[in-house]
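Chain by chain, the residues run as shown.
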Amino acid sequence: MSDDQELTGPVTQTRRALLTGAGAVGAAVVLAACGGEDSGDGSAPTSGGPAVPSSGDAGGGDRQGAQSLARTADVPVGGGVVLAAEGVVITQPSAGEFKGFDPICTHQGCPVTNVDGGTINCTCHGSKFSIADGSVKAGPATKPLAPKDVKVTGDQISFA
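## Describing the confidence of the model for the protein
At step 1: In the predicted model, the protein carries a mean pLDDT of 74, and 59% of its residues have values of at least 70.
At step 2: For the stretch residues 10-16, pLDDT sits under 50, and the model shows 9 contacts to residues farther than four places along the chain or on other chains.
At step 3: For residues 24-65, every residue scores under 50 in pLDDT, and the model assigns this stretch 9 contacts once sequence neighbours within four places are set aside.

If you want it as structure tokens, here you go:
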């Protein structure tokens, strides 16, 4: 039996008929979501979701500065933490001094993996970078890690 044939029972349909029906339902849902009554006051229809204040950053702009990355207690003195999801390595070369660096090795673009022994380490090819200024301590990398500005507010570290 081919995909074009349909059995004559109320429960059995071909795959094509089932997909056609599902596509029609999906299109109807999309069209219904796009439609709606015009309020006549020139305002756009709302989605029914939570209200967003008209002032401030409602979904764009630089949100990195508003989000806490880590607590100061999370970053050991003489060491650091790799926050890959946040796109930063935070180090504390001396007590109370916090530095931020790009977490991508300058040798071949591998992510750095850890901070140990006073260096930020890339295990792909063995490059090591200073926790104080991102400079190369051991190659094959020849360029330092790019700095990222971080700030400390209370016990929270965030992008500056």
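## Some remarks on the nonpolar core
At step 1: Membership of the largest hydrophobic core is limited to 12 residues, which are V89, F101, C105, C110, V112, V115, I120, C122, F129, I131, A141 and L145.
At step 2: Apart from residues no more than four positions distant in its own chain, C122 is found in contact with C105, C110, P111, V112 and S127.
At step 3: Core analysis: the second largest hydrophobic core is formed by 11 residues, L69, V81, I90 and F98 among them.

## Here's the deal with the pairing of strand β10 (residues 150-153)
At step 1: Where β10 meets strand β11 (residues 156-159), 4 bridges bridge the pair, whose relative direction is antiparallel. What sits directly across from K151, in β11, is S158.
At step 2: Counted between consecutive antiparallel strands, the loop separating β10 from β11 contains 2 residues, among which G154 sits at a positive phi close to 65°.

## Describing the state of the cysteines
At step 1: Evaluation of the coordinates by the stated rule reveals 1 disulfide.
At step 2: Put simply, C110 and C124 are joined by a disulfide, and their sulfur atoms are 2.3 Å apart. Across the S-S bond of C110 and C124 the torsion is about -105°, and the bridge reads as left-handed. One end of the pair, C110, is in the loop between β4 (97-101) and β5 (114-116); the other, C124, is in the loop between β6 (119-121) and β7 (128-130), with 14 residues separating them in the sequence.
At step 3: No disulfide involves C122; its sulfur sits 3.9 Å from that of C105, the nearest cysteine.

## Notes on the sheet that holds strand β8 (residues 136-138)
At step 1: The sheet built from 4 strands is open, its strands ordered β5-β6-β7-β8 with antiparallel pairing. The sheet is open, and its two edges are formed by β5 and β8, each paired on a single side. Adjacent strand axes in the sheet meet at a mean angle of 35°, parallel and antiparallel pairs treated alike.
At step 2: For β7 and β8, the ladder comprises 2 bridges, and the chain directions are antiparallel. The residue bridging F129 from the neighbouring strand is V136, located in β8.

## A closer look at the pairing of strand β3 (residues 88-94)
Consecutive side chains of a regular strand alternate in pointing toward one face of the sheet and then the other.
At step 1: Extensive coverage of β3 is indicated by the burial of 5 of its 7 residues.
At step 2: The pairing of strand β2 (residues 79-83) with β3 spans 5 bridges and is classified as antiparallel. In the strand pairing of β3, V81 is matched with I90.
At step 3: Where β2 hands over to β3, the hairpin turn is made up of 4 residues, of which G87 adopts a positive phi near 75°.
At step 4: Pairing between β3 and β4: 4 bridges, direction antiparallel. Paired with T91 across the bridge in β4 is K99.
At step 5: Hairpin connection from β3 to β4: 2 residues lie between these consecutive antiparallel strands, with G96 at a positive phi of about 85°.

Calculation notes
Residues numbered from 1 in each chain as written. Predicted model: local features only at pLDDT ≥ 70, side-chain atom pairs only at ≥ 80, totals over all residues. Heavy atoms only, no water. pLDDT = per-residue confidence, 0-100. Contact = heavy atoms within 4.5 Å. Core = buried A, V, L, I, M, F, W, Y, C linked by side-chain atoms within 4.5 Å. Buried < 20%, exposed > 50% of the residue type's maximum accessible area, 1.4 Å probe, protein only. Pairing = 2+ DSSP bridges. Helix = DSSP H or I, 4+ residues; strand = E, 2+ residues; numbered from the N terminus. Disulfide = S-S within 2.5 Å. Axes fitted to C-alpha atoms, helices over the stretch in contact; angles between N-to-C directions.

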